[in-house]
Amino acid sequence: MLTLENLSKHFGGVHAVDGVSLTIHEGEIFGLIGPNGSGKSTTVNLITGLYAPTTGTVTLDGYDLTAMAQHERTAMGVARTFQNIRLFGNLTVAQNLWVAQNGHEQRRAHFLPRWFKAGGEHSPDIDELLKFSRLHSKRDLPASALSFGEMRRLEMARALASNPRVLLLDEPAAGASLEDGQLLAERIRDVRDRGVTVLLIEHMMELVMGISDRIAVLNFGRKIAEGSPAEVQANSDVRAAYLGSKHKDEELIHA
Amino acid sequence: MDYFFIIDFLQSLVDGLLFGTTYALIGIGFTLIFGVMRKLNLAYGAAALAGTYIGVAASLAFDAPPPLVFLLSALGSGVIGILVYYCCFRFTPTHYPMASLLASVGMLLFIDEVVIHASHGMPFPYPSVFRDATIELGDVWIRGDLLFVFGICVVAMAVLFWLLYRTPLGLATRAVSQQPRAAALCGIDPTRVNLLTFGIAGILGGIAGAMTAAAVGVISPIIAMGLTVKGLIAVVIGGLGSIPGAIIGGLLVGAAENVFLLLRGVTERDIYVMLLLFLFLTLRPGGLFGSSAGRD
């Protein structure tokens, strides 16, 4: 459903992403891994529209997203979370979800009546998402008052509120312990079971290897491997790439 | 200090606080635009005054009643605000903040010239209401026209707060001010939010312009500079980006202006108000309510 074709992004002479082609299928959890600076974040930013690619296209269900602005891609069904949390801190938990739900829906309906209609944060959809994210008891607190783990859950809920087809998770386990990682894996499966395709960008190998249906590995902006977790772990290019960056190597072997 | 001086002082303070709500509205307008775009729109005060002239035109053309003049002033200023957005902000490159800043300075002078040309630089009468009514609180009198100005400005603020805190439009505006990238990825079109913010800020400016003219009873091109400068001082005192700060700052500027008027006379008054600007910029550059919270 989500297809990257010969996607490149050059910053001056730096080829941050260099001719990457990927196809992510409907309903799968797809892991995107690679050493630091391998082009994972740039790839995410090309998919969501922060950067315009130097070459190549991004398509979703056959629709070409390449020329669309970020908010238009959200309306098409692309959502993401951020590695460094970017919630609307002064808005309540429920309002954070309402903004995302509304920003998405205002493109369909005539926006004026919708934009001046108060009290929409008490909708059944938002209640359901709050329960799903175990944030129901915090719904009227400002988002800045949440704990770190709750903020991460709210980020994911906010991304889901825009009713996406595909959800990009940018290092959702950053700063989480191993036990949190187990819970996170269940949550990501829950998201997939809601019918949302997941693209997971992650450093925590245990998590990626454990839940991904397929994995692609980037190094120096190029795709060096793609396949099932077992295939990727067995790939000699992947091992070489991770041997270059010392810490990741052990994780890969032990995972 | 004798009794009469204290009464005069209190009288100045009350008049200043009532009239300060117009500066508060201008300050809120600067702050709203800065909030969503992180850019200063220096043409804002001039655009507000130009909008007020649209009300005057209606008053001259078909003898419109005061409420209609006020309404047209506010809406006219909203429209001019949107024009300013398209001319100075919509298409200037975001990576060069100076481009839109200088464009807005150019627009300030341009609007000023157009207003002077159209009005031949002459002051026009502006409808004033409750001019002769007063409420007496002991020896301090509350002027009816200033009370009206105060009431209208407070209602405008209340409507704004309802918009910002209760409606999807307001939440989208606040979301864009806090996290523009995340807001875009929530499906919010930043251009549309910017456009509506300029329109709403313009309407607030038009109300402030109309109320300033109503309090004085005349409108003249020189009001634009006063609105711009006092509005900027209000946001510097309150902290750029903070709406409560702009309100407090506006009231303080109004009060200080009238107290200096009493103590030092009309020609010296603004000198001391300007000194407040430097005092705050030096000692408390973030203002009273300045947020240190960054965004990217």
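Residues numbered from 1 in each chain as written. Chains lettered and ligands numbered in written order. Predicted model: local features only at pLDDT ≥ 70, side-chain atom pairs only at ≥ 80, totals over all residues. Heavy atoms only, no water.

S.K.: Could you give an account of the overall build of chain A, naming the residues involved and the relevant values?
M.R.: Within chain A, the secondary structure is distributed over 11 helices and 10 strands. Pairs at least 24 residues apart make up 65% of the contacts formed inside chain A by residues separated by at least 6 positions. Accessible surface computed for chain A: about 10700 Å², of which carbon and sulfur atoms make up 51%. (Helix = DSSP H or I, 4+ residues; strand = E, 2+ residues; numbered from the N terminus. Contact = heavy atoms within 4.5 Å. Areas by Shrake-Rupley, 256 points an atom, 1.4 Å probe, with all protein chains shown as cover.)

S.K.: Please provide a residue-by-residue account of the sheet that holds strand β2 (residues 14–24) of chain A, values included.
M.R.: Pairing between sheet strands relies on hydrogen bonds along the backbone, with the strands arranged either parallel or antiparallel. Residue and element names in this part refer to chain A. Within the open sheet, the four strands sit side by side as β2-β1-β4-β5. Their pairing is antiparallel. Taken across any chain shown, the strands that pair with only one partner, and hence form the sheet edges, are β2 and β5 (63–64). With five bridges joining them, strand β1 (residues 2–11) and strand β4 (residues 55–60) adopt antiparallel strand pairing. In the strand pairing of β4, Thr-3 is matched with Thr-59. The strands touched by helix α1 (residues 40–48) are β1, β2 and β4; relative to β1, the strand with the most contacts, the crossing angle is about 115°. (Pairing = 2+ DSSP bridges. Axes fitted to C-alpha atoms, helices over the stretch in contact; angles between N-to-C directions.)

S.K.: I'd like a rundown of the pattern of salt bridges, residues and numbers included.
M.R.: Taken as a whole and assessed by the stated rule, the structure comprises 20 salt bridges over all chains. Residues Asp145(B) and Arg131(B) are paired through a salt bridge, measuring 3.1 Å at the closest nitrogen-oxygen approach. Taken together, the residues span a long stretch of sequence, with Asp145(B) in helix α5 (residues 144–166) and Arg131(B) in the loop between β1 (124–125) and β2 (134–137) at a distance of 14 residues. Accessibility expressed as a relative area gives 3% for Asp145(B), which makes it buried. The network of salt bridges with shared partners includes Glu28(A), Arg214(A), Lys223(A) and Glu226(A). (Salt bridge = Lys/Arg side-chain N within 4 Å of Asp/Glu carboxyl O. Buried < 20%, exposed > 50% of the residue type's maximum accessible area, 1.4 Å probe, protein only.)

S.K.: Let's hear about the packing of helix α3 (residues 66–90) of chain B against helix α4 (residues 97–119) of chain B: which residues, and what values?
M.R.: Residue and element names in this part refer to chain B. Put simply, α3 and α4 touch, their axes get as near as 9 Å, and they point 135° apart. In terms of axis orientation, α3 runs oblique to α4. Here α3 and α4 pass one another in a crossing that is right-handed. Residues Ile-80, Val-84, Cys-87, Cys-88 and Phe-89 of α3 form the contact with α4, whose participating residues are Ser-100, Ala-103, Ser-104, Met-107 and Ile-111. Classifying every residue of the contact of α3 with α4 by side-chain character gives eight nonpolar, two polar and no charged. (Parallel < 35°, antiparallel > 145°, perpendicular 65-115°, else oblique. Left-handed = near helix turned anticlockwise from the far one by under 90°. Nonpolar A, V, L, I, M, F, W, Y, C, P; charged D, E, K, R; others polar.)

S.K.: Tell me about a nonpolar patch on the surface, and please be specific about residues and values.
M.R.: All names here are of chain B. Together, Phe-62, Leu-68, Leu-71, Leu-75 and Ile-203 give the surface a local cluster of nonpolar side chains, amounting to about 430 Å² of exposed area. With respect to the helices, strands and loops of the structure, Ile-203 is situated in helix α8 (residues 190–216). Residue Ile-203 is classed as partly exposed on the basis of its relative accessible area of 31%. (Patch = residues over 30% accessible without salt bridge, like charges linked within 9 Å, V, L, I, M, F, W, Y side chains within 5 Å.)

S.K.: Describe the UniProt feature "transmembrane region" (unreviewed entry) in chain B, and please don't skip the residues or the numbers.
M.R.: All names here are of chain B. UniProt feature "transmembrane region" (unreviewed entry): in the numbering of this structure it lies at residues 16–35, 42–62, 68–89, 101–120, 140–165, 195–219, 231–259 and 271–290. This span, residues 16–35, is 100% helix and 0% strand, and a straight line between its end C-alpha atoms measures 27 Å. Strand forms 0% of residues 42–62 and helix 90%; the C-alpha atoms that close the span are 33 Å apart. (UniProt positions renumbered as here; feature names shortened; annotations may be inferred.)

S.K.: Which residues make up the confidence of the model for chain A, and what values do they have?
M.R.: Mean pLDDT over chain A works out to 86, with 88% of the residues at or above the 70 mark. Of all the helices and strands in chain A, helix α11 (residues 246–254) of chain A carries the lowest mean pLDDT, 53, while strand β8 (residues 197–201) of chain A carries the highest, 95. (pLDDT = per-residue confidence, 0-100.)

S.K.: Can you tell me about the interface of chain A and chain B, naming the residues and giving the values?
M.R.: Counting residues at the interface gives 30 residues for chain A, matched by 27 residues for chain B. Linking chain A to chain B there are zero salt bridges. Across the contact surface, chain A and chain B share six residue pairs in polar contact (both at pLDDT 80 or more). Of all the secondary structure elements, the ones that give two or more residues to the side of chain A that touches chain B are α1, α2 (70–76), α3 (93–105) and α4 (111–115) of chain A. Sorting elements by how many residues they give to the side of chain A that touches chain B places α3(A) first, with seven residues. Looking at the side of chain A that touches chain B, its residues break down into 12 nonpolar, 13 polar and five charged. (Polar contact = N/O pair within 3.5 Å; in protein donor to acceptor, adjacent residues only side chain to side chain.)

S.K.: Now, about the domain arrangement of chain A: what can you tell me, with residues and values included?
M.R.: All names here are of chain A. By domain assignment, chain A separates into domain 1 (1–77 + 165–255) and domain 2 (86–163). Taken together, the 18 residues of domain 1 in the interface contact 15 residues of domain 2. Here domain 1 packs against domain 2, burying approximately 1300 Å² in sum over the two surfaces, 60% of which is carbon and sulfur. One can count one salt bridge joining domain 1 with domain 2. Of the charged contacts in the structure, one is a salt bridge between Glu-128 and Arg-194, with a shortest N-O distance of 3.2 Å. Counting across the interface, domain 1 meets domain 2 through three residue pairs in polar contact (both at pLDDT 80 or more). Breaking the side of domain 1 that touches domain 2 down by element, the ones donating at least two residues are α2, β7 (166–170) and α7 (178–193). Sorting elements by how many residues they give to the side of domain 1 that touches domain 2 places α7 first, with five residues. Within the side of domain 1 that touches domain 2, the residues separate by chemical class into nine nonpolar, three polar and six charged. (Domains from an automatic or database assignment. Buried area = accessible area lost by both parts, 1.4 Å probe.)

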